[in-house]
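# Remarks on the overall topology
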Amino acid sequence: MALRKVVYNVTRNPELSAGGRLVNAPIVPVEGEAVQVHEDIAGEHMLINIGPQHPATHGVLRLVLELDGETVVRCIPHIGYLHSSFEKLGEYRDWNQIVPLTDRMDYLAPLIYNCAYAMAVEKLMGIEVTERCKVVRVICMELDRIFSHLLWLGTTGIDLGAFTVFLYTFQERERIYDLHEAFTGARITTSSTRIGGMMADLPAGWIEKLQEFVNTFPRTLEEVDTLLTNNGIWIGRTQGVGAISAEDAVNFGLSGPNLRASGVDYDIRKDRPYYDYETYDFDVPIGEHGDIYDRYLCRMEEMRQSLLILQQAIDRLPGGPINVDDPRIILPSKTAAMNDMESMIHHFKVVMEGVRAPVGESWFSVESSKGELGMYVVSDGGSKPVRWRVRGPSFINIAALPHMIEGALLSDVIAVNASLDIVLGEIDR
Amino acid sequence: MANDSFKKGLEGLDAGAAGSPQEEPGVPPQAGELPAHPSIEALREEFGDAVLRHEVVAGDEHIVYVPPQRARDVLAWLKDAPGHQYDFLQDLTAIDWGNGRSIQVVYQLWSTRSKLNLRVKVELPLDSLEIDTVYYLWRAADWLEREVFDMFGVVFTGHPDLRRILMPYNYAEGHPLRKDFPLRGRFSRAEQTRRSLSMQTEDHYSPRELEIAHVLGQTLPTPFDEAGSADQQGQFGGMGGAG
């Protein structure tokens with residue numbers, strides 16, 4: 001099937017539109033010194049800290065704000081309070097041992113990170129995973145896209161005073177937690193991928209439970225839609241707030257729904273398709289105003305599109321093995337390892353010596369729920385990476401926060417920060 | 001099988017990681033003709049010998065090596081040249097191969113118009129870890145360059161606000177992602193604890209914030225000092241409005 005890309009123009013209710021109250025000045029790159037402190041502000045302005053321990057910063061983000069009354073003159077984010085040196089730890093671990101580090105970065109969509117890492121290493125090693133594994137990973141990634149967007153929806157609702165939405169979305173999230181647990185044994189720290197396949201095949205009855213979720217979730221989504229989309233308070237707090245132009249958004253490296261809300265149709269699933277995404281029938285919603293409301297509409301539509309992909313994946317899920325047939329990287333079955341000596345030696349060698357990757361490097365990115373998730377793996381031929389680098393979408397998205405909120409009100413800081421859908425585990429790594 | 005592989009998990013905790021033994025860059029020599037990449041052909045015409053090397057890795061990923069002095073010009077040209085226009089800086093990072101080899105700064109580019117990827121690498125010898133910033137080409141480079149500075153000690157000249165980003169501002173143990181950096185840090189655990197307990201208010205702020213506070217005549221609150229912040233709630237208006 002040809003690559004299909006439909007550009008949505010998400011429409012807004014013109015009567016309720018607040019429109020353009022916050023207009024960001026375009027970036028004019030000027031060579032030279034950074035902004036100097038104004039001389040005439042003494043006594044009028046104040047510096048305050050928001051965070052690092054503050055519920056509305058969605059983690060341990062600390063924002064130092066220079067305020068003129070309630071208007072933000074300057075915003076200086078401080079990060080690193082959750083720094084766990086994942087990339088350094090990765091250099092001391094085998095290729096497979098890095099998988100548990102990946103889901104601790106974005107604990108809101110762990111399966112996407114598991115899959116992205118495994119895909120990058122497989123590309124480096126030149127491994128083509130089985131057809132079943134591809135479809136299972138597509139299911140994992142789309143399920144976690146919904147999983148992450150639901151958390152975003154609930155917490156952003158709370159930040160803007162719409163508490164009810166949180167109850168709806170977390171009830172649905174709980175069902176996805178159950179699916180995680182049934183498949184991987186863990187609710188958050190899934191660690192489900194291995195190089196060349198998955199930790200295990202889908203358990204019996206899992207697809208039926210997923211089908212039930214796909215059947216019933218749209219109803220909840222429509223209820224949330226009814227609660228928010230035409231809600232006067234929601235529109236007042238989100239339309240025209242935190243707007244960023246398409247040109248600036250690309251320049252700042254925004255990705256995911258934050259970029260598409262500004263009207264740039266960059267979705268890796270369409271632009272550099274992996275795992276046969278070009279054969280799935282789905283659309284990528286594109287906003288036009290780049291404000292919080294458009295980000296909201298984009299994410300809502302993405303959840304609907306993810307449901308379509310999930311349904312197609314369920315329908316086409318092929319049988320066959322989930323792991324590649326390659327004894328250098330895949331463990332023998334537990335039964336075999338416990339019953340014959342050769343399998344046990346094989347098991348021992350793969351675990352103790354690790355999987356070896358050829359000399360080379362690979363930069364591979366997937367469309368995660370938050371934007372472009374790049375995994376850069378560099379190998380010198382050993383069983384551990386020379387360098388494992390994560391291009392986290394949140395890290396780059398949050399860097400644009402000062403640009404979006406300087407000139408806005410203090411209350412908008414909370415709204416804009418929430419709208420970017422950050423996760424500090426991945427920002428601080 | 002060597003029995004000491006049991007110990008491998010402990011290797012490098014106190015010393016740095018092993019690093020890469022071979023001296024040549026870690027990409028195997030390419031045999032025969034490389035697949036062509038339009039931007040690399042154009043770069044050769046435009047910059048001539050500034051294109052040091054062209055490699056293809058992992059099947060379809062093109063890497064072009066440029067000398068540090070020309071890197072900014074090459075990147076500026078790639079960003080704006082019609083037909084190329086790599087307007088999206090996907091990533092900016094670095095690789096330390098260890099054993100005294102050059103640190104590679106890696107620019108991963110994507111063009112939203114021509115739908116092309118390109119990776120640009122610059123090799124910096126350890127005794128001159130300096131390169132021009134690309135902050136004014138892509139603002140995405142702002143935090144990415146700060147991260148590379150923080151983790152590898154590469155100085156991006158011209159960056160308006162080059163300071164540590166993930167590690168504390170008063171971190172004195174060096175640059176953690178360098179291969180010679182031990183996994184546990186350079187200082188003893190006791191010294192690390194002592195330093196973290198003796199952090200001053202100023203250590204939590206960047207120089208610019210201290211400058212603003214000085215101009216405003218304001219005493220800065222300590223973000224973690226509960227007793228202190230309770231006193232300062234009134235003085236600074238608290239954070240009640242934000243929640």
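None of these values were measured; they are calculated from a predicted model.

## Let's talk about the overall build of chain A
The number of helices and strands found in chain A is 17 helices and 8 strands. By the burial criterion, 55% of the 429 residues in chain A qualify as buried. Contacts in chain A between residues at least 24 apart in sequence constitute 71% of all its contacts with a sequence separation of at least 6.

## Things to note about the domain arrangement of chain B
Residues and elements named next belong to chain B. The domain boundaries assigned to chain B delineate domain 1 (38-179) and domain 2 (187-224). Between domain 1 and domain 2, the residue contacts involve 5 residues of the former and 4 residues of the latter. Its residues placed into classes, the side of domain 1 that touches domain 2 shows 2 nonpolar, 1 polar and 2 charged.

## Observations regarding the pairing of strand E3 (residues 88-96) of chain B
With respect to burial, E3 of chain B is a largely interior element, 9 of its 9 residues being buried. Between the end of E3 of chain B and the start of strand E4 (residues 103-110) of chain B, which pair antiparallel, lie 6 residues, with Gly98 of chain B showing a positive phi angle near 80 degrees.

## A short note on the packing of helix H5 (residues 163-184) of chain A against helix H6 (residues 206-228) of chain A
Residue and element names in this part refer to chain A. Orientation of H5 relative to H6, taken along the N-to-C sense of each, is 165 degrees, at an axis distance of 10 Å. The angle between the axes of H5 and H6 places the two elements in the roughly antiparallel class. H6 is crossed by H5, and the crossing has left-handed handedness. Note on element contacts: H6 touches H5 through Trp206, Lys209, Leu210, Phe213, Phe217, Thr220, Glu223, Val224, Leu227 and Leu228, opposite Thr164, Val165, Tyr168, Thr169, Glu172, Arg175, Leu179, Ala182 and Phe183. Considered class by class, the residues forming the contact of H5 with H6 number 12 nonpolar, 3 polar and 4 charged.

## A word on the sheet that holds strand E8 (residues 387-391) of chain A
Residues and elements named next belong to chain A. The strand order across the open sheet formed by 3 strands is E6-E7-E8, and the pairing between neighbours is antiparallel. Every other strand in the sheet has two partners, leaving strand E6 (360-367) and E8 as the edge strands with one partner each. Between one strand axis and the next, the sheet turns through 10 degrees on average, direction left out of account. As defined by bridge partners, E6 adjoins strand E7 (residues 372-379) across 8 bridges and the pair is classed as antiparallel. Counted as the bridge partner of Gly360 is Ser379 from E7. Each of E6 and E7 is contacted by helix H3 (residues 110-125), which is oriented at about 145 degrees to E6, the strand it contacts most.

## Quick word on the sheet that holds strand E2 (residues 62-68) of chain A
All names here are of chain A. As summarised here, the arrangement of the 3 strands in space is E1-E2-E3, forming an open sheet in which the pairing is antiparallel. With one partner strand each, in any of the chains shown, strand E1 (45-50) and strand E3 (71-78) form the two edges of the open sheet. Recorded for the sheet is a direction-independent mean angle of 20 degrees between the axes of neighbouring strands. Of the pairings in the sheet, the one linking E1 to E2 comprises 6 bridges and is antiparallel in character. The partner of Ile50 across the bridge, within E2, is Leu63.

## A short note on the interface of chain B and chain A
Taken together, the contact between chain B and chain A spans 55 residues of the former and 63 residues of the latter. Sorting the residues of the side of chain B that touches chain A by element identifies E3, helix H3 (141-152) and helix H5 (207-216) of chain B as the ones contributing at least two each. Tallied by class, residues from the side of chain B that touches chain A come to 31 nonpolar, 14 polar and 10 charged.

## Notes on the packing of helix H1 (residues 38-47) of chain B against helix H2 (residues 68-80) of chain B
Residues and elements named next belong to chain B. Where H1 meets H2, the axes come as close as 11 Å, and the angle between the chain directions of the two elements is 125 degrees. One finds that H1 runs oblique with respect to H2. You can see that H1 and H2 cross each other, and the crossing is right-handed. Of the residues in H2, those in contact with Ser39, Leu43, Glu46 and Phe47 of H1 are Arg70, Val74, Trp77 and Leu78. Here the contact of H1 with H2 is composed, by residue class, of 5 nonpolar, 1 polar and 2 charged.

## Here we look at unusual backbone geometry
Phi is positive for Tyr275 of chain A, which is not a glycine, with a value near 50 degrees. With respect to the helices and strands, the residue Tyr275 of chain A is situated in the loop between helix H10 (268-271) and helix H11 (292-316). Judged by C-beta crowding, with 20 C-beta atoms within 10 Å, Tyr275 of chain A ranks as buried. Of note, Gln85 of chain B is a non-glycine position whose phi angle comes to about 45 degrees, a positive value. Along the polypeptide, Gln85 of chain B turns up in the loop between H2 and E3. Residue class for Gln85 of chain B comes out partly exposed when judged on the 17 C-beta atoms lying within 10 Å of it.

## Things to note about the nonpolar core
Grouped together as the largest cluster of nonpolar side chains are 172 residues, with contacts concentrated most on Ala116, Val121 and Val416 of chain A together with Val154 of chain B. It is helix H4 (residues 131-159) of chain A that contributes the most residues to this core, 14 residues altogether. When we break this core down by domain, the ones giving at least three residues each are domain 1 (38-179) and domain 2 (187-224) of chain B. When sequence neighbours within four positions are dropped, the list of residues in contact with Val121 of chain A reads Trp95, Ile195, Ala357 and Val377 of chain A.

## Brief notes about the pairing of E8 of chain A
Residue and element names in this part refer to chain A. Extensive coverage of E8 is indicated by the burial of 5 of its 5 residues. Neither face of E8 is exposed, since Arg387, Arg389 and Arg391 on one face and Trp388 and Val390 on the opposite face are all buried. Pairing of E7 with E8, which is carried by 5 bridges, proceeds in the antiparallel orientation. Counterpart to Val377 in the pairing with E8 is Trp388.

## Comments concerning the environment of Glu145 of chain B
Residues and elements named next belong to chain B. Checked against the element boundaries, Glu145 lands in helix H3. Between the alpha carbons of Glu145 and Leu129 there is a distance of 13 Å; along the sequence they are 16 residues apart. Apart from the residues within four sequence positions on either side, Glu145 is in contact with Leu92, Thr133, Tyr135, Phe156, His159 and Leu162.

## Re H4 of chain A
Residues spaced three or four apart along an α-helix face the same direction, because each turn holds 3.6 residues. Residues and elements named next belong to chain A. Its 29 residues give H4 an end-to-end C-alpha distance of 42 Å, which sits within 8% of 42 Å, the value for a rise of 1.5 Å per residue. With respect to burial, H4 is a largely interior element, 26 of its 29 residues being buried. Of the residues flanking the end of H4, it is Gly161, one or two places downstream, whose phi is positive at about 90 degrees.

## Overview of the confidence of the model for chain A
Looking at chain A, pLDDT values average 84 and 90% of them are 70 or higher. Every residue in residues 1-37 of chain A scores below 50 in pLDDT, and together they form 59 contacts with partners more than four places removed in sequence or on other chains.

## Examining the environment of Val64 of chain B
Residue and element names in this part refer to chain B. Note that Val64 resides in strand E2 (residues 61-66). Residue classification places Val64 among the buried positions, given that 22 C-beta atoms sit within 10 Å. Along the backbone, Val64 and Leu126 are 62 residues apart, and their C-alpha atoms lie at a distance of 21 Å. Dropping the residues within four chain positions of it, Val64 is found in contact with Ile40, Leu43, Val51, His54, Leu118 and Val120.

## Observations regarding the confidence of the model for chain B
All names here are of chain B. Residue-level pLDDT values for chain B average 79, and 78% of them are 70 or greater. Considering each helix and strand of chain B separately, the mean pLDDT is smallest for helix H6 (residues 226-236), with a value of 46, and largest for E4, with 93. Confidence drops under pLDDT 50 across residues 25-29; counting only partners more than four residues distant or on other chains, this segment forms 12 contacts. Residue range residues 228-243 is modelled with pLDDT below 50. Its contacts to residues more than four positions away, or to other chains, number 20 contacts. The ipTM assigned to the predicted complex is 0.83, against a pTM of 0.84.

Criteria and thresholds
Residues numbered from 1 in each chain as written. Chains lettered and ligands numbered in written order. Predicted model: local features only at pLDDT ≥ 70, side-chain atom pairs only at ≥ 80, totals over all residues. Helix = DSSP H or I, 4+ residues; strand = E, 2+ residues; numbered from the N terminus. Buried ≥ 20, exposed ≤ 12 C-beta atoms within 10 Å, placed from the backbone. Contact = placed C-beta atoms within 7 Å. Domains from an automatic or database assignment. Nonpolar A, V, L, I, M, F, W, Y, C, P; charged D, E, K, R; others polar. Pairing = 2+ DSSP bridges. Axes fitted to C-alpha atoms, helices over the stretch in contact; angles between N-to-C directions. Parallel < 35°, antiparallel > 145°, perpendicular 65-115°, else oblique. Left-handed = near helix turned anticlockwise from the far one by under 90°. Core = buried A, V, L, I, M, F, W, Y, C linked by C-beta atoms within 7 Å. Expected span 1.5 Å × (residues − 1). pLDDT = per-residue confidence, 0-100.

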